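Single-letter residue listing:
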Amino acid sequence: MNYFNIVACLILLGFQAAIVLAEFNYGEALDKTFMFLEAQRSGKLPFDQCVKWRGDSGLKDGALQGVDLVGGYYDAGDHVKFGLPMAFSVTMLAWGTIEYRKEITNLNQMGHTLWAIRWGTDYFIKAHTQPNVLWGQVGDGDSDHYCWERAEDMTTPRTAYKLDEAHPGSDLAGETASALAAAAIAFKPYNSSYSELLLVHAKQLFSFADKFRGLYDDSIQCAKQFYTSSGYSDELLWAATWLFRATGEEHYLKYVVDNAVYMGGTGWAVKEFSWDNKYAGVQILLSKVLMEQKGGAYISTLKQYQAKADYFACACLQKNDGYNVHLTPGGLMYVHEWNNLQYASAASFLLAVYSDYLSAANAKLTCPDGQIQPHEVLNFAKSQADYILGKNPKSMSYLVGYGPKYPTHVHHRGASIASISVLPSMVSCVQGFEAWYRSPEADPNVIYGALVGGPDQNDGFNDDRSSYEQTEPTLSGSAPLVGLFAKLESLSRNKGPYHKRPTTEQPSQNYHHQTSVPSTKSPGVPPVRFLHSITNTWNVGKTTYYRHKVVIKNTSEKPITDLKLVLEDLSGNLWGLSPTPVKNTYELPPWLKVLNPGSDCSFVYIQEGPQAKVSVLSYQ
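Because the structure is predicted, anything quoted here is derived from the model rather than measured.

Describing the sheet that holds strand β3 (residues 160-163)
And step 1. Spatial ordering of the open sheet is given by β1-β2-β3, a layout of three strands whose pairing is antiparallel. In this open sheet, the two strands that pair with only one neighbour each are β1 (81-82) and β3.
And step 2. Relative to β3, strand β2 (residues 134-138) runs antiparallel, the two being bridged by four bridges. Its bridge partner being in β3, Q137 is matched across the sheet by Y161.

Encoded structure:
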């Protein structure tokens, strides 16, 4: 899927004076978050999978029911593919991509981001086998939790459960429609045909959710113990809102206005945003429509939506006349006992987005306890991210693998058992519990980027596998961090050294759309960085051509001479480099003998489809 590498290079956002200097390397935290998402992959893993302790798993999912359900994500420390939190996670990944496209691109992470989204959306397309049929879960939580085994060794039933007209699930179908609609927006600049396909499925799923109403856990009852739904009205409003944003079709906006009271959109004032409760997200998305003056005849109702969006933001910032979100003594939002950090991460992302909407509209947040500037809203979101990364009473990072101190006894089967590449023999259910779950030793596999459940309401934390409320990571906790970390890193002037992931976990060049290439003279030292961008596109008949520009920057402290580059997958014309006698090998033009420290040069080429792969062959 090389078209994932087609990304636009956009200008880095300037630093806003109101934001305090960064204390953390959010770029490193973002990189590690993508590693956790890879660790949660189910199915046939790609050749450039960078989390090497994982292997293929769940390759027969759906086979007993005659449907291909291979792929998707495992939910948390177990191996169930729960549809509702998975779909919410993909919606959050896509929303982060939409809002922070420039920031993610400038951090060289658009390839990772689109891959993370598509690993979910490809699965949802498979699961949506008919307009009114959605396979909503694979695996059973009860039987799965009786076993402590690697995904590659699974012996528990992989039963698949579906929604249909007789067994509806408006919440799950609605959330999946939201994920696909948001992903359609995210993919549109890079793969318009895939974007259109996602919209087709999103529209069908929304119609199914709306016409055949019911709670998904009444139809898939084995989900009730794990992800009980509090209702489906918020998901219907959420899906319609995302479809309006993806299509611009007014009837979707009319839906959220006509059902504003009946479905609680303008009635529910909430202090939570999560896989189960989408009201705050709906309210903030519709506030954007209002502030951009796109509300038309619906301004009155949209103002009511914004009033509830303000309630949520004011409650988070402790400015809501006492009706506030609880904060721990260390300043962390505390919403639920089980896996509280997933609620803090989702709320923080939402606040960062709302601060941008307010800032773009030159507006302020009006709270019962006073008016709040947009940058104050963002600063609160930053305080939550900083708490996660180590600014807390324990001085511990709750993002595994980040910083000097982080949880080492994560409630996660794959992390806690030796990799199948190290221990090829099968680990049985009982053996897993006896030899690995109860082991006092640290995890043999560091599950980089996992956001654990986090501390209790008094900032206490017990780094113990059996303490699943605190040490289990979730997909829905990590997904909002992608947009949040990208936003915060883009605003940071004080960027510390970027700690690359361990060399054994490095992805291939196909996976990164921008690469720092180690030199042949000094292994491990990246003297050159390539920045790819697309500066123009046009169509000739049904064929689309792209003008690619590549900036070559010397990131070392020494001059570079005799630089030779290898260009693979180059099918068009090239300007700015000189060919050599060796096939696919180029050098700098004769007038550019030396590339000084910090300086750059560029070349361009035109071709159909994805960018060429550029690497350093040698230099002096």
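That covers the picture; the talk isn't over yet.
Structural notes on the pattern of salt bridges
Between side chains of opposite charge, a pair can form as their charged atoms come close.
And step 1. On inspection of all chains with the given rule, the structure shows 25 salt bridges.
And step 2. K44 is the salt-bridge partner of D56, the closest N and O atoms lying 2.9 Å from each other. On the criterion of sequence distance, the pair formed by D56 in the loop between α1 (26-39) and β1 and K44 in the loop between α1 and β1 is long-range, its members being twelve residues apart.
And step 3. Linked through salt bridges whose partners overlap, the residues forming this network are D61, K81 and R158.

A word on the side chain of Q40
And step 1. With respect to the helices, strands and loops of the structure, Q40 is situated in the loop between α1 and β1.
And step 2. Residue Q40 is classed as buried on the basis of its relative accessible area, which comes to 1%.
And step 3. Polar contacts involving the side chain of Q40 include one to the main-chain carbonyl oxygen of A76, which spans 2.8 Å.
And step 4. A polar atom in the side chain of Q40 sits 2.7 Å from the side chain of H412.
And step 5. With near-sequence residues (within four places) excluded, Q40 lies in contact with R54, G72, Y73, Y74, D75, A76, H412, I447 and L475.

Overview of the domain arrangement of the protein
And step 1. On domain assignment, one finds that the protein holds domain 1 (26-491) and domain 2 (526-616).
And step 2. Summarising the inter-unit geometry, the C-alpha centres of domain 1 and domain 2 are found 38 Å apart.

So, the side chain of S478
And step 1. When you line up the elements, S478 lands in helix α18 (residues 475-490).
And step 2. For S478, a relative accessible area of 0% corresponds to the buried category.

Considering the UniProt feature "active site" (unreviewed entry) in the protein
And step 1. Residues annotated by UniProt as "active site" (unreviewed entry) correspond here to H411.
And step 2. Secondary-structure assignment places H411 in the loop between α14 (374-389) and α15 (413-416).
And step 3. H411 gets classed as buried once you look at its relative accessible area, which sits at 10%.
And step 4. Of the polar contacts made by the side chain of H411, one reaches the backbone oxygen of R465; its length is 2.5 Å.

Quick look at helix α16 (residues 429-437)
And step 1. Among all positions of α16, only C429, G432, F433 and Y437 are buried. For α16, the angular spread of buried residues about the axis comes to 95 degrees, placing them on one side. In this structure, α16 carries V430 and E434 as exposed residues pointing more than 90 degrees from its buried face.
And step 2. The inward-facing, buried residues of α16 contact α5 (141-145).

What counts as what
- Residues numbered from 1 in each chain as written.
- Predicted model: local features only at pLDDT ≥ 70, side-chain atom pairs only at ≥ 80, totals over all residues.
- Heavy atoms only, no water.
- Pairing = 2+ DSSP bridges.
- Helix = DSSP H or I, 4+ residues; strand = E, 2+ residues; numbered from the N terminus.
- Salt bridge = Lys/Arg side-chain N within 4 Å of Asp/Glu carboxyl O.
- Buried < 20%, exposed > 50% of the residue type's maximum accessible area, 1.4 Å probe, protein only.
- Polar contact = N/O pair within 3.5 Å; in protein donor to acceptor, adjacent residues only side chain to side chain.
- Contact = heavy atoms within 4.5 Å.
- Domains from an automatic or database assignment.
- UniProt positions renumbered as here; feature names shortened; annotations may be inferred.
- Arc of directions from axis to C-beta.

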